[in-house]
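This is what each chain is made of:
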Amino acid sequence: MTDASAPMSAWDALRARRSAKTFADRIPPREVLERLIEAATWAPNHRLTEPWRFVVLAGDERARFGAHLAAAMAEAGEPAKAVEKTRAKPLRSPVLVVIAQRGPAANAEVEREDYAAVATATQNLLIAATAEGLATKWSTGGMAEMPEARAFLGLGGHDRIVAYVYLGYPAGDASSWPEAPPTRKPPEVDWRGL
Ligand SMILES: Cc1cc2nc3c(=O)[nH]c(=O)nc-3n(C[C@H](O)[C@H](O)[C@H](O)COP(=O)(O)O)c2cc1C
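Attention in this report is confined to the structure presented alongside it.

Parameters and conventions
- The residue numbers shown here count from 1 along each chain, following its written sequence.
- Totals for whole chains, interfaces and linings use every residue, but because this is a predicted model, local features are given only for residues with pLDDT of at least 70 and side-chain atom pairs only at 80 or more, for both listing and counting.
- Processing note: side-chain calculations cover all non-hydrogen atoms of the structure and skip hydrogens and water entirely.
- The helix count covers DSSP runs of H or I at least four residues long, the strand count covers runs of E at least two residues long, and both are numbered beginning at the N terminus.
- The length a helix should cover is 1.5 Å for every residue beyond the first.
- Exposure categories follow from relative accessible area, calculated using a 1.4 Å probe and restricted to protein chains: below 20% of the type maximum is buried, above 50% is exposed, and the middle band is partly exposed.
- What the arc describes is the spread of directions from the helix axis to the C-beta atoms.
- By definition in these notes, contact holds between two residues if any of their heavy atoms fall within 4.5 Å.
- Each pair of strands is called paired provided DSSP finds at least two bridges between the two strands.
- The convention used is that axes are lines fitted to C-alpha atoms, helices contributing only their stretch in contact, and that angles between N-to-C directions extend from 0 to 180 degrees.
- By convention in this text, a residue qualifies as near a molecule or strand provided that one of its non-hydrogen atoms is within 4 Å of it.
- Only the protein chains shown count as cover for residues, and all accessible areas are computed by the Shrake-Rupley method using a 1.4 Å probe.
- Ten residue types, Ala, Val, Leu, Ile, Met, Phe, Trp, Tyr, Cys and Pro, are classed as nonpolar, four, Asp, Glu, Lys and Arg, as charged, and the remainder, Gly among them, as polar.
- For this analysis, a ring pair means two rings from Phe, Tyr or Trp (six-membered ring only for Trp) whose centres lie within 6.5 Å, classed as stacked if their planes differ by under 30 degrees, edge-to-face if by over 60, and tilted for the remaining angles.
- Placement of a charge over a ring requires the Lys NZ or Arg CZ to be within 6 Å of the ring centre, with the centre-to-atom vector within 35 degrees of the ring normal.

Considerations on helix α3 (residues 60–75)
In a regular helix each residue adds 1.5 Å, so 16 residues correspond to 22 Å; α3 covers 22 Å between its end C-alpha atoms and thus fits that length. The complete set of buried residues in α3 reads Arg-62, Phe-65, Gly-66, Leu-69, Ala-70, Ala-72 and Met-73. The buried side chains of α3 occupy one side of the element, clustering within an arc of 160 degrees when seen end-on. Structural note: α3 exposes Asp-60 and Glu-75 on the side pointing more than 90 degrees away from its buried face. Of the surrounding secondary structure, the elements contacted by the buried residues of α3 are β1 (52–58), α4 (80–88), β2 (95–101), α6 (147–153) and β4 (160–168).

Below is the structure:
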């Protein structure tokens, strides 16, 4: 992570982004969050369907969300350990940005395109957050599939939760920040004509 006052190049932000495990308690200012959401909406999307929806939870709203999911899981007879883990999840970071794909799409092809667009929007948000000196983590798992999550967030039955983005300032000093980028394997590229 870097000093937010020193703008990062796109390349620096791409390489610096890592999934954070811990966050400081401080909530980033609303105007910063608005910039991140604007960054998300600059993603490419075929047919300009603008299929993204955002729900931003902070403060007590995170605990309310966790409690709502935990109650649904307990009602369904899930093990107490899993119930408590889910209850605590939204509290991992000071802000939880939920990014959803609006549905239903006109057909299967548009549905795929819309999913790709929302995933791209999510990456835009992560990179913009990194450039602002913020830590992020994209998460999905069972919590993204729960109908009770969609209902709490005001999403429809045809909407899909593409990302829970845990977001905040990095915790502690540099030693507690995510490790340096892993080395990448040489990509498989079939070069033709150059
Ligand atoms: C679609 C998607 C879903 C993810 N879901 C989870 C998740 O549920 N839990 C988790 O710990 N990480 C999740 N991640 C984060 C990846 O595990 C992480 O990006 C990967 O370990 C590489 O680490 P890096 O982000 O630091 O480069 C998800 C990432 C993507 C793109």
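Some details on the sheet that holds β1
Whenever strands of a sheet pair, they do so through backbone hydrogen bonds, lying parallel or antiparallel. Spatially, β1-β2-β4-β3 is the arrangement adopted by the 4 strands of the open sheet, whose pairing is antiparallel. The two strands at the open ends of the sheet, each matched to only one other strand, are β1 and β3 (135–139). Each adjacent strand pair in this sheet contributes to an overall mean axis angle of 20 degrees, direction not counted. Strand direction decides the pairing type here: β3 and β4, joined by 5 bridges, are antiparallel. Within β4, the residue paired with Thr-136 across the bridge is Leu-167. Each of β1, β2 and β4 touches helix α2 (residues 30–41); the most contacted strand, β1, lies at about 160 degrees to it.

Some points on the site of the ligand
Close to the ligand lie Arg-17, Arg-18, Ser-19, Lys-137, Trp-138, Ser-139, Thr-140 and Gly-141, which account for all nearby residues. Expressed as a share of its isolated accessible area of 620 Å², the protein-covered part of the ligand is 53%. In terms of residue class, the shell around the ligand is made up of 1 nonpolar, 4 polar and 3 charged.

Remarks on the packing of aromatic side chains
Evaluated as defined, the whole model comprises 2 aromatic pairs. Between Phe-65 and Phe-152, the aromatic rings sit 5.1 Å apart at their centres with planes inclined by 40 degrees, giving tilted as the arrangement. Highlighted residues: Phe-65 in helix α3 and Phe-152 in helix α6, separated in sequence by 87 residues. Ring centres 6.2 Å apart and planes at 45 degrees place the aromatic pair Phe-65 and Tyr-164 in the tilted group. Of this pair, Phe-65 sits in helix α3 while Tyr-164 sits in strand β4, and the two are 99 residues apart along the sequence. Each member of the pair, Phe-65 together with Tyr-164, is buried. Taken together, the ring pairs connect Phe-65, Phe-152 and Tyr-164 into an aromatic cluster. Above the face of the Tyr-166 ring, Arg-92 is positioned so that its terminal group lies 5.7 Å from the ring centre.

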